[in-house]
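Okay, here's what each chain looks like letter by letter:
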Amino acid sequence: MDKKLNFTDLCNFYAKASGVTAAEAESFVHAFFEIVVEGLEKDGAVKINGLGTFKLVEVESRSSVNINTGERFEIDGHKRLTFVPADSLKEIINAPFAMFEPVEVEDDF
């Protein structure tokens, strides 16, 4: 995959990978997102073993400056959705780079 997936792409990809019909795949994906949204609304976090944790994080209001006019304004506080991948998912993603070892770099400039 070298592009972003939209909802239809995700459903088609799931249908192909699992061997179910497109309608069944769409139904599953809808249900999955509904469960995640319900869990976030109820508990503020949804943990899926092997995948990761979806969390709502409160972002406090803050002031900013309009770069065009220099006028100050307030950005209201809001909730931000974050995703923290499970360790098993991180290992799968980072497996191609497992052969690399960290190297300490000295700052002698």
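Just above, that's the structure.
Note that the coordinates shown come from a computational prediction; the quantities given were computed from them, not determined experimentally.

A. Examining the pairing of strand β3 (residues 62-65) more closely. Bridging between β3 and strand β4 (residues 72-75) involves four bridges; their strand directions are antiparallel. Along β4, the bridge assignment pairs Val-65 with Arg-72. The antiparallel pairing of β3 with β4 creates a hairpin that spans six residues between the two strands, and Gly-70 there sits at a positive phi of about 80 degrees.

B. The arrangement of the pattern of salt bridges in detail. The tally for this structure, following the rule as stated, stands at two salt bridges. Two residues, Lys-3 and Asp-9, come together in a salt bridge whose shortest N-O distance is 3.6 Å. Exposure remark for Lys-3: the relative accessible area of 56% places this residue in the exposed category. Exposure remark for Asp-9: the relative accessible area of 22% places this residue in the partly exposed category. Here Lys-90 and Asp-87 are joined by a salt bridge, their closest N and O atoms 3.9 Å apart. With Lys-90 and Asp-87 both in helix α3 (residues 87-94), this residue pair falls three residues apart, about one helical turn.

C. Focus on a nonpolar patch on the surface. There is a patch of nonpolar side chains on the surface, built from Phe-97, Met-99 and Phe-100 and spanning about 390 Å² of accessible area. Following the sequence through the fold, Met-99 ends up in the segment after α3.

D. Spotlight on the packing of helix α1 (residues 7-18) against helix α2 (residues 22-43). Running from N to C, α1 and α2 cross one another at 120 degrees; their axes reach a closest spacing of 8 Å. Regarding the angle of α1 to α2, the classification is oblique. Pair α1 / α2 crosses with right-handed handedness. Side by side, α1 and α2 meet where Phe-7, Leu-10, Cys-11, Asn-12, Tyr-14 and Ala-15 of the first sit next to Ala-22, Ala-25, Glu-26, Phe-28, Val-29, His-30 and Phe-33 of the second.

E. Structural view of the side chain of Thr-53. The topology assignment puts Thr-53 in strand β2 (residues 52-59). Overall, the relative accessible area of 18% leaves Thr-53 in the buried class. Excluding its chain neighbours within four sequence positions, the residues that come into contact with Thr-53 are Ala-45, Val-46, Lys-47, Thr-82, Phe-83 and Val-84.

F. Spotlight on the environment of Glu-58. The topology assignment puts Glu-58 in strand β2. Under the relative-accessibility criterion, Glu-58 is labelled exposed at 58%. Distance from Glu-58 to Asn-94, taken between C-alpha atoms, is 30 Å for residues 36 residues apart in sequence. If near-sequence neighbours (up to four positions away) are discounted, Glu-58 is found in contact with His-78 and Lys-79.

Conventions used here
- Residues numbered from 1 in each chain as written.
- Predicted model: local features only at pLDDT ≥ 70, side-chain atom pairs only at ≥ 80, totals over all residues.
- Heavy atoms only, no water.
- Pairing = 2+ DSSP bridges.
- Helix = DSSP H or I, 4+ residues; strand = E, 2+ residues; numbered from the N terminus.
- Salt bridge = Lys/Arg side-chain N within 4 Å of Asp/Glu carboxyl O.
- Buried < 20%, exposed > 50% of the residue type's maximum accessible area, 1.4 Å probe, protein only.
- Patch = residues over 30% accessible without salt bridge, like charges linked within 9 Å, V, L, I, M, F, W, Y side chains within 5 Å.
- Areas by Shrake-Rupley, 256 points an atom, 1.4 Å probe, with all protein chains shown as cover.
- Axes fitted to C-alpha atoms, helices over the stretch in contact; angles between N-to-C directions.
- Parallel < 35°, antiparallel > 145°, perpendicular 65-115°, else oblique.
- Left-handed = near helix turned anticlockwise from the far one by under 90°.
- Contact = heavy atoms within 4.5 Å.

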